[in-house]
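Listed below are the residues making up each chain.
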Amino acid sequence: LDFRPGQLMLDWGSGCGHTLTWAKSLFDVDGVGLDVEEHSVSWARRHSIGHFCPGDGRELSWLPDTAFDIVFSYAAIYHLSKADQCLTGLRLMEKLRIGGRAYLGWNQNYSMTVWEWRACLQSPAQVIRDSTLSVEFEAIEDGFLFPASTEEA
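Residues numbered from 1 in each chain as written. Predicted model: local features only at pLDDT ≥ 70, side-chain atom pairs only at ≥ 80, totals over all residues. Heavy atoms only, no water.

Engineer: I keep staring at the overall build of the protein chain and nothing clicks. Help me out?
Structural biologist: Assigned secondary structure in the protein chain consists of 5 helices and 5 strands. Looking at the protein chain residue by residue over its 153 residues, the buried ones come to 38%. A total of about 8,900 Å² of accessible surface is found on the protein chain, and carbon and sulfur atoms cover 51% of it. (Helix = DSSP H or I, 4+ residues; strand = E, 2+ residues; numbered from the N terminus. Buried < 20%, exposed > 50% of the residue type's maximum accessible area, 1.4 Å probe, protein only. Areas by Shrake-Rupley, 256 points an atom, 1.4 Å probe, with all protein chains shown as cover.)

As structure tokens, this is what we get:
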């Protein structure tokens, strides 16, 4: 994801906050975590690095558009219906600055396929009325994003 110091990351489905903690500790990336489970947010606020907010992740209007360099979601978005995955995915892309990157990982077999994501992200106006969003899409398997060694990268 090409983390750089000073970047701002949105962690959708942040849980206990471990992702924002390692992003800050390893790359000096600042972050905002959003999770539907209030007890997870409460724990993250006490034990993790970042700013954590409780809420329904499908409702993102309170977050400013084009505010984040990175949108990250691991093992979370697949809990939504496919229609909500597409709509929420597009709303998350609206939160990215130009040139920003998103990672929606660890999706299960019953979540959207790569081809469904491609169709969703390449036709945002069909999902979000009056959208001018333009997304460049690349699918990467989790194992290739986080290789065990540099030889595997």
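Engineer: Which parts of the structure should I look at to understand the pairing of strand 3 (residues 51–54)?
Structural biologist: Across a regular strand the side chains alternate sides, sitting on one face of the sheet and then on the other. Summarising the sheet, strand 2 (residues 30–35) and strand 3 pair through 4 bridges and their orientation is parallel. Among the inter-strand pairings, Val32 is bridged to a residue of strand 3, identified as His51. Read from strand 2 through helix 2 (residues 38–47) to strand 3, the crossover connection turns out right-handed. (Pairing = 2+ DSSP bridges. Right-handed = clockwise from strand over helix to strand, strands pointing away.)

Engineer: Even after reading the chapter, I still don't get the state of the cysteines, so can you show me in this structure?
Structural biologist: Two cysteines, two sulfur atoms, one covalent bond between them: this is a disulfide. Applying the stated criterion to the full structure yields 1 disulfide. In this model Cys86 forms its disulfide with Cys120; the gap between the sulfur atoms is 2.0 Å. Its S-S torsion of about 100 degrees marks the bond between Cys86 and Cys120 as right-handed, since a negative value means left-handed. Taken together, the residues span a long stretch of sequence, with Cys86 in helix 3 (residues 82–94) and Cys120 in helix 4 (residues 114–122) at a distance of 34 residues. Judged by its relative accessible area of 10%, Cys86 is buried. (Disulfide = S-S within 2.5 Å.)

Engineer: Where do I start with helix 2 in this structure?
Structural biologist: Helical geometry note: an α-helix holds 3.6 residues per turn, so side chains three or four residues apart project in the same direction. Buried within helix 2 are the following residues: Ser40, Val41 and Ala44. All buried residues of helix 2 fall inside an arc of 100 degrees around its axis, so they share one side. Along helix 2, the residues that are exposed and aim more than 90 degrees away from the buried face are Glu38, His39, Arg45 and Arg46. (Arc of directions from axis to C-beta.)

These figures come from the coordinates and say nothing about function on their own.
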